[in-house]
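Observations on the three-dimensional arrangement
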Amino acid sequence: MDRSVASLLDRIHEQYERWRAGPPLDGGELARFFNAVGRTAAVIGRSDIAAEAERLIHRLNGQTKRQWTAEEALMEMVPLLRCFYEAGEAAFATIPSSHRQGPKAAILLCGNDPLFFAYVRGALQTVPWRFTTIPSLEQAAASMFRLSPDCIIVSVKEGEWENPDLTVLLERAGQRPYLPVVIVRRDEGKEGRLKGYELGADDVITTPAADELFVRVRRLIEKKRKIDDLVLIDELTGVYNRKYLPRVYARLRSDLERYGAPSCLALLDLDHFKQINDRFGHLAGDAVLQKLAAFLRQHTRGVDTVVRLGGEEFVVWLAKTSKSEARAVLERLQRQFAAEKVEADGALLSCTFSAGLVECDEPDWPLDYWLRLADKALYAAKRGGGNRIEEAAREKSGFSDEAPSQASTDRRRWAIAIVDDDELVRMDDC
């Protein structure tokens, strides 16, 4: 992007920021601004930008009295922005149709570059990606764990390399098993590219067209998912391993805090599994474990989670499910799995499992507390002969020796974001 075109883009950015700070604008003001952009574009020899500005003016005919928000005006400008970011292309950047139905992904856009982000969202609207835009790098760093994005795209301008919020953002992304970060910048110097890599970015791109950005980001997302599989997936059974449990609990605890929706944790254990290993060998035991894992995945919902805790123990976490509903689900699973057959050394084996069930209805209590309750219930089921479901017993007050004390809860530190136009409110200590 040459200097004159970049300067014109900066003027559009400045005007957009004025619109954001002011009241809604009418169609006449919007048309006058597009007219000014078109005249400037013609002067600097960008007839494509001038022609697109003229088309936008024609589209506004008859809408001069309509009130536009700054965001609506920005989205109206997406075709115009494509001329800036796709200059020199034979045609507008297009995404291969084979990728439009590909895997879904959550993308976090952060940085003060609303024009580029509006262009990206408009150009990639056919791709199954969900975009979240947070202009503040500080807020993006604080929100990344809650949002759990598959990739972060950061727009960095000249002079922002030393921004401590950028450093914090990249450091926090590096604390995850793997969360790719792409830095988009307008300058083309080698120094900026090296600085981005030095800070920890996975890719540093000079403001790209959408198709190039899509390919490079998709490659990083695919890499992330392969790494996630290696770290979080049990190699034998193909379900999640116990490292994934804290993530599940964080999501379900959020549902409980926000919507009052409890979840249920069931701890499952295969009955007489040691006898299978002793009589038919460990390969037969592995086949039974694989059968149970595949069965649980097939017969639970997409919002539910199956985790191999270790050995022959599995966790089935049923989202937004009451205890009575969870018990009905487990009883159905027990009946169906008992009818399944596993071939081992020429013989057909049928197996059963026992389960301990607990309803997670207190968001302040830790994951270990619920696991201990479920484990006690499972032990009672096994002691009762197996092929049983036992519900965890808790005191009516909700507290027991296993529950965290109120004092320990009070010592927790909370991070609170206040969004308000009142400067005094923002300055007040929490």
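Located above this text is the structure these notes cover.
Residues numbered from 1 in each chain as written. Predicted model: local features only at pLDDT ≥ 70, side-chain atom pairs only at ≥ 80, totals over all residues. Heavy atoms only, no water.

Glancing now at the overall build of the protein. Helices and strands together make up the secondary structure of the protein, namely 17 helices and 15 strands. Relative to its full complement of 430 residues, the protein shows a buried share of 45%. If you take every contact in the protein between residues at least 6 apart in sequence, the share linking residues at least 24 apart comes to 71%. Put simply, the protein shows about 23000 Å² of open surface, and 48% of that area lies on carbon and sulfur atoms. (Helix = DSSP H or I, 4+ residues; strand = E, 2+ residues; numbered from the N terminus. Buried < 20%, exposed > 50% of the residue type's maximum accessible area, 1.4 Å probe, protein only. Contact = heavy atoms within 4.5 Å. Areas by Shrake-Rupley, 256 points an atom, 1.4 Å probe, with all protein chains shown as cover.)

Moving on to the pattern of salt bridges. Enumeration over the complete set of coordinates arrives at 23 salt bridges. Glutamate 72 is the salt-bridge partner of arginine 66, the closest N and O atoms lying 3.9 Å from each other. Taking the relative accessible area as the measure of exposure, arginine 66 reaches 34% and is therefore partly exposed. The partner of arginine 225 in a salt bridge is aspartate 150, and the shortest N-O contact between them spans 3.6 Å. Within this pair, whereas arginine 225 is found in helix H10 (residues 210-232), its partner aspartate 150 is found in the loop between helix H7 (137-147) and strand E5 (151-156), the two being separated by 75 residues in sequence. (Salt bridge = Lys/Arg side-chain N within 4 Å of Asp/Glu carboxyl O.)

The subject of this paragraph is the environment of alanine 210. In this structure, alanine 210 sits in helix H10. Sequence spacing of alanine 210 and alanine 123 is 87 residues, and the spatial spacing of their C-alpha atoms is 6.3 Å.

Here we come to the layout of surface pockets. For the second largest pocket, the calculated volume is near 280 Å³. Along the walls of the second largest pocket sit 11 residues, with Ala6, Asp10, Glu158, Arg186 and Asp187 positioned nearest its centre. Examining the composition of the lining of the second largest pocket, we find that 3 residues originate from one element, helix H1 (residues 3-21), more than from any other. Tallied by class, residues from the lining of the second largest pocket come to 3 nonpolar, no polar and 8 charged. (1 Å grid on protein atoms, 1.4 Å probe; cavity = no way out; pocket = protein on both sides within 12 Å on 5 of 7 lines; lining within 4 Å. Points joined across faces, edges and corners; volume = space filled by probe spheres on them. Nonpolar A, V, L, I, M, F, W, Y, C, P; charged D, E, K, R; others polar.)

What follows is about the sheet that holds strand E4 (residues 129-134). Ordered by their spatial adjacency, 5 strands build an open sheet running E4-E3-E5-E6-E7, and the pairing between neighbours is parallel. Two strands close off the open sheet at either side, each with one partner strand: E4 and strand E7 (203-206). Across this sheet, the average inter-strand angle for adjacent strands is 20°, counted without regard to direction. The pairing of strand E6 (residues 181-185) with E7 spans 4 bridges and is parallel. Within E7, the position partnered with arginine 185 by the bridge is threonine 206. Strand contacts of helix H6 (residues 114-123): strand E3 (105-110), E4, E5 and E6, with the helix running at about 170° to E4, the strand carrying the most contacts. The sheet contacts of H7 involve E3, E4 and E5, and relative to E4 the element is tilted by about 145°. (Pairing = 2+ DSSP bridges. Axes fitted to C-alpha atoms, helices over the stretch in contact; angles between N-to-C directions.)

We now examine unusual backbone geometry. With a phi angle near 45°, lysine 320 is a residue other than glycine that sits in the positive phi range. Turning to its location among the elements, lysine 320 is positioned in the loop between strand E11 (313-318) and helix H14 (323-338). Even without a glycine there, the phi angle at asparagine 387 is positive, about 55°. The topology assignment puts asparagine 387 in the loop between helix H15 (367-383) and strand E15 (389-391).

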